[in-house]
Number of protein chains: 2
Amino acid sequence: MNSRPSAPEATIIQALRNKGYRATSQRIAISRLVLTSRDHPTALQICKKIREAHPTVSLATVYKTLQVLSGLRLVQELSFPDAEAKFDSRMKPHLNLICEQCGNVADSEDRAADAVVKAAGREGFRVSGQRLDVYGLCEKCLKKNSS
Amino acid sequence: MNSRPSAPEATIIQALRNKGYRATSQRIAISRLVLTSRDHPTALQICKKIREAHPTVSLATVYKTLQVLSGLRLVQELSFPDAEAKFDSRMKPHLNLICEQCGNVADSEDRAADAVVKAAGREGFRVSGQRLDVYGLCEKCLKKNSS
DNA sequence: CTAAGTGCAAACACTTTGCACTTAA
DNA sequence: TTAAGTGCAAAGTGTTTGCACTTAG
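What comes next concerns the included structure. This structure is a prediction, so every number in the text was calculated from the model and none was measured.

1. Some details on the packing of aromatic side chains
For the structure on display, the rule yields zero aromatic pairs over all chains. Its end group placed over the ring of A:Phe80, A:Arg131 keeps NZ or CZ at 4.9 Å from the ring centre.

Right, here's the structure in full:
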């Protein structure tokens, strides 16, 4: 649940208003958290974090805001079998390296991600987004297992 | 819900028994359907199809069987926001070209899929599976929209 | 024979919705 | 001022589970 140093709050407010959405304090807080987080939080994790500053925020509002952000293509919802959805604000093509042991999701900026998008285009597909998950064991867990 | 001409029934029975599972008629039927289908059926679609020949099969059994097949890594469950999960029996690296208009999922065998797996390996990740979704508009829908 | 599997219905967990209250614009 | 948004609780939906019955091995 890390945050990047400066959150572009004015930008968020503008983005919401331009699309006809009101810039409520809840939406701004949730948007700022999600758009600046480097990990892949669940709705519940987001809600708990937001409540540290806005104690009355409901989980329903978190879900509604995440739907707005998904609609604006600022955030992507990653559904998993058995588990809650995680929300990812990195919209550029990238790989999600998902460890099946510790559950961590690491991003990778490898150019193979762009190659996938190009390949889809070559098939006559007009690409608007992507989800490139690789499942397995992360380096940390591999080491832990062998020790 | 297409099927390939010949279903490797004996192979399915062996695979189940080797792993300590009983080869019941329900499991064989469900496995054969899923493992030979070229599209990406949901549990309910599978259940309806199976009931044409085995009218008493329950949705619970379909889900349980799909879990067994997932555990054997013969099938992958693709979860989506808002929608039922689809089940994919193509386990080799490939792209899922998912049309946001008609909902169709087309597979693509492009080598970019293998490049993704290699890239993950380069990062010290031990790959055991992948899900490479590309979202957008398929050629058919693009044409329909422009006409 | 007997432990594993099935089918039904009930339970579950995550997510969405209805509605009265609040608030941005 | 007033339509959009919030927060609560209730409803919804796909999936899982408990349990008595059935069946593969």
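2. What about the nonpolar core?
Counting residues in each nonpolar core, the largest one holds 26 residues, and the members touching the most others are A:Leu95, A:Val116, B:Leu95 and B:Val116. Contributing elements (two or more residues each) for this core: β3 (95-99), α5 (112-122) and β5 (126-137) of chain A together with β3 (95-99), α5 (112-122) and β5 (126-137) of chain B. Apart from residues lying up to four places away in sequence, A:Val116 is in contact with A:Leu132, B:Leu95, B:Ala112, B:Val116 and B:Val134.

3. Let's talk about the protein's contact with DNA strand D
Neighbouring residues of DNA strand D: 21 residues in total, closest A:Thr24, A:Gln26, A:Arg27, B:Arg17 and B:Tyr63. Within the side chain of A:Arg22, a nitrogen or oxygen atom sits 3.1 Å from a base nitrogen of DNA strand D. Breaking the surface near DNA strand D down by element, the ones donating at least two residues are α2 (25-36) and α4 (59-71) of chain A together with α4 (59-71) and β2 (83-88) of chain B. Considering each element in turn, the surface near DNA strand D owes the most residues, four residues, to α4(B).

4. Comments concerning the pattern of salt bridges
Tallied over the entire structure, the rule returns 14 salt bridges over all chains. Between B:Glu109 and B:Arg90 there is a salt bridge, with the nearest N and O atoms lying 3.1 Å from each other. Taken as a pair, B:Glu109 in the loop between β4 (105-108) and α5 and B:Arg90 in the loop between β2 and β3 lie far apart in primary sequence, 19 residues in all. Owing to a relative accessible area of 46%, B:Glu109 belongs among the partly exposed residues under this scheme. For B:Arg90, a relative accessible area of 18% gives the class buried. Salt bridges sharing common partners tie together A:Arg90, A:Asp107 and A:Glu109.

Cut-offs and rules
Residues numbered from 1 in each chain as written. Chains lettered and ligands numbered in written order. Predicted model: local features only at pLDDT ≥ 70, side-chain atom pairs only at ≥ 80, totals over all residues. Heavy atoms only, no water. Phe/Tyr/Trp six-rings, centres within 6.5 Å; stacked < 30°, edge-to-face > 60°. Lys NZ or Arg CZ within 6 Å of the ring centre and 35° of its normal. Core = buried A, V, L, I, M, F, W, Y, C linked by side-chain atoms within 4.5 Å. Buried < 20%, exposed > 50% of the residue type's maximum accessible area, 1.4 Å probe, protein only. Helix = DSSP H or I, 4+ residues; strand = E, 2+ residues; numbered from the N terminus. Contact = heavy atoms within 4.5 Å. Near = heavy atom within 4 Å. Polar contact = N/O pair within 3.5 Å; in protein donor to acceptor, adjacent residues only side chain to side chain. Salt bridge = Lys/Arg side-chain N within 4 Å of Asp/Glu carboxyl O.

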